[in-house]
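Structure at a glance
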Amino acid sequence: MDSITLYARKAQLIQSILNDADEEMITKIAAILVRKDKSPAQMTVEELKEEVMQSVEDAKNGKGKPMEQLFKEAEQW
């Protein structure tokens, strides 16, 4: 979806909310937005799959960090 279409859909949604929203709808929308902010998943399954496959390829090609270095970094988290 291009940015113009996305902008138009957002504008249409906002206008619809402004015209028709009652207290119950506003409460539900607010709850959804709060839940979205707390969501740990910040990427799609496809994005995750691409990242994992790239990591596998990197490992096959000898790229990456030694296990000891990863453990040292994890201790600092």
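See the structure printed just above.
I will try to describe carefully the structure that is included in this document. (Residues numbered from 1 in each chain as written. Predicted model: local features only at pLDDT ≥ 70, side-chain atom pairs only at ≥ 80, totals over all residues. Heavy atoms only, no water.)

**Some details on the pattern of salt bridges**
- In this structure the tally under the stated criterion is two salt bridges.
- Across the pair E24 and K28 runs a salt bridge whose closest N-O atoms are separated by 3.3 Å. Residue E24 and its partner K28 are both found in helix 2 (residues 23-37); the two are separated by four residues, about one turn of the helix.
- Between E57 and K60 there is a salt bridge; the shortest N-O distance is 3.9 Å. With E57 and K60 both in helix 3 (residues 45-60), this residue pair falls three residues apart, about one helical turn. (Salt bridge = Lys/Arg side-chain N within 4 Å of Asp/Glu carboxyl O. Helix = DSSP H or I, 4+ residues; strand = E, 2+ residues; numbered from the N terminus.)

**A short note on a nonpolar patch on the surface**
- Side chains of M43, L48, V52, M53 and V56 sit close together on the surface and give an oily, nonpolar patch of about 410 Å² of accessible area.
- Among the secondary structure elements, M43 is positioned in the loop between helix 2 and helix 3.
- Relative accessible area serves as the criterion here: at 36%, M43 is assigned to the partly exposed category. (Patch = residues over 30% accessible without salt bridge, like charges linked within 9 Å, V, L, I, M, F, W, Y side chains within 5 Å. Areas by Shrake-Rupley, 256 points an atom, 1.4 Å probe, with all protein chains shown as cover. Buried < 20%, exposed > 50% of the residue type's maximum accessible area, 1.4 Å probe, protein only.)

**Some remarks on the environment of E75**
- In this structure, E75 sits in helix 4 (residues 67-76).
- Classification of E75 by relative accessible area gives exposed; the value is 67%.
- In this structure the C-alpha to C-alpha distance between E75 and L13, which are 62 residues apart in sequence, comes to 46 Å.

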